[in-house]
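Structural overview for review
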Amino acid sequence: MKESFKVCFCCVRSFKVKTSEPPQEIKTLFEDYSGDGRMSVDEMLRFVIQVQGEKHADSNYVKDIFHRLKHHGVFHPRGIHLEGFYRYLLSDFNSPLPPSGQVWQDMNQPLSHYFLYTGHNSYLTGNQLNSRSSTGPIVKALRSGVRVIELDLWPNSSGTEAEVRHGGTLTSREDLQKCLNAVKENAFEVSEYPVVLTLEDHLPPDLQKKVAKMVRQTFGGTLFRCTDEYKERFPSPEALKNKILISTKPPKEYLQTQVSQSATTDESVKAKKVADAEELIQDEDEETVAVEYRDLISIHAGNRKGGLKNCLNGDPNRVIRLRFDSSNYDPLVGWIHGAQMVAFNMQSHGRFLWMMQGMFKANGGCGYVKKPDVLLSNGLGCETFDPSSKSLQIKTVLKVKIYNGEGWNLDFPQDYFDRYSPPDFYAKASIGIAGIPLDTTSYRTETDTDEWFPVWDKEFEFPLRVPELALLCITVKDYDSNTQNDFAGQTCLPLSEIRPGIRAVRLHDRAGEVLKHARLLVRFVLEPR
């Protein structure tokens, strides 16, 4: 089969089009685990247990796989052929992550023991300067698993009502009641764990009273009130299921810094920039807040001076929200120091948002990820965890073998990547973008030229000191010698949840939406040290 590209009105370039074929290693595995060119239920079960590491699998699990393969036209009553085996490996039900919706972490610890999926300026449809305000982004965020929604509250032009808008910009305004209704109606559609509604208010006391009444009437019994009984120990996500918590974040308590624009990976440099900015923080003037409004607040904005360690690692029972400015930044800064709520614009695209989305694929996508023990306990000398320490020992080695990929020819037009030839794909695998500095490294495959079905067959090793805080990020691009390389898909996976074995890794677009067909065949091996 050939694919033709028209160069000019009289010239046509033709290329032989290959199909997606099983790599040699996959063919060998099929031969090792099958007989007479077919793999039976018992043989497939042996493969699933020994190679895929699914120790709890049984014959019913394999029969379900065979049943799903019927839709691919590669099933035979006496077993599956090589093509059927290959289709299984590339199928959606062979994901590197556990099935979505399975919350497996202990959800009975205080709220401060978890990372929360946190939004920033949740009502904006686009950029922070002149985009439209709407309830749409709020709905989308909640239905994507985001658990912290932020609204900026300002007096309207007459000063008689509160409205939602991004002050000091050209963005439009939205009705507060509509925003509250959007939260109420969508808060628990994909996760029953609590939603935190952060109100950054610029309101006088009389409007704060009006907002307090609106909040009480809208949320009713789902509104959590933090009474004296919770002051010693804040409730757990499990205890707060289907509850709305109100938080405040006065604008004067922003941690203003230039870290978001910095390309440095040096933690000491990042820490210094944050520490220098902390001198700008001022105490909240409690006397200017209406009592009715203050009584609704479950998570109070706080203040801690004295450097990044004091700000982030001081009180393990205090929920900390981190935000630098209106652009997205490396969430590593907050996570590796224990900040629970690292706030992000879900409207912006790029690798930092991909990391955020990847982090919260963990724990069934419920929007809560339990902090690793290194962030919850002190060392022998009561010292806190130091992510930049040179003495951290290697705990695990992750081996990642990228075999091949397919599906771009179905997701993109023929000339999307190159006008006159098929694409030249390569894959870049990196780890530690959301891990500690010593674990940060990246590799890339060779470029497979003029191929819609690239074959790389390349293995990489990642020695890891704190695997609990690591994300595996893979980006595929089309190589161009004269222009910027074209983006062709990405994925970001929490290392703590990656299942060993040969897996189908689905790719996502720049916004984080999953591509329908494009995927990679990858083998994962985790070797403890």
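Residues numbered from 1 in each chain as written. Predicted model: local features only at pLDDT ≥ 70, side-chain atom pairs only at ≥ 80, totals over all residues. Heavy atoms only, no water.

1. A word on the overall build of the chain
A tally of helices and strands in the chain yields 13 helices and 22 strands. Relative to its full complement of 529 residues, the chain shows a buried share of 52%. Considering only intrachain contacts with a sequence separation of at least 6, the fraction spanning at least 24 residues in the chain is 70%. Here the chain has roughly 23,900 Å² of accessible surface; of this, 48% comes from carbon and sulfur atoms. (Helix = DSSP H or I, 4+ residues; strand = E, 2+ residues; numbered from the N terminus. Buried < 20%, exposed > 50% of the residue type's maximum accessible area, 1.4 Å probe, protein only. Contact = heavy atoms within 4.5 Å. Areas by Shrake-Rupley, 256 points an atom, 1.4 Å probe, with all protein chains shown as cover.)

2. Details of the confidence of the model for the chain
Per-chain confidence: the chain averages 83 in pLDDT, with 80% of residues scoring 70 or above. Here residues 250–263 is modelled with pLDDT under 50, and outside its nearest four sequence neighbours on either side it reaches 45 contacts, counting other chains as well. For the stretch residues 302–309, pLDDT sits under 50, and the model shows 26 contacts to residues farther than four places along the chain or on other chains. (pLDDT = per-residue confidence, 0-100.)

3. Some details on the packing of helix H5 (residues 136–143) against helix H6 (residues 176–186)
The geometry of H5 relative to H6 is characterised by a closest axis approach of 9 Å and an angle of 20° between their N-to-C directions. Regarding the angle of H5 to H6, the classification is roughly parallel. Crossing of H5 over H6 shows right-handed handedness. Contact with H5, carried on its side by Ile 138, Val 139, Leu 142 and Arg 143, involves Cys 179, Ala 182, Val 183 and Asn 186 of H6 and no other residues of that element. Within the contact of H5 with H6, the residues separate by chemical class into six nonpolar, one polar and one charged. (Axes fitted to C-alpha atoms, helices over the stretch in contact; angles between N-to-C directions. Parallel < 35°, antiparallel > 145°, perpendicular 65-115°, else oblique. Left-handed = near helix turned anticlockwise from the far one by under 90°. Nonpolar A, V, L, I, M, F, W, Y, C, P; charged D, E, K, R; others polar.)

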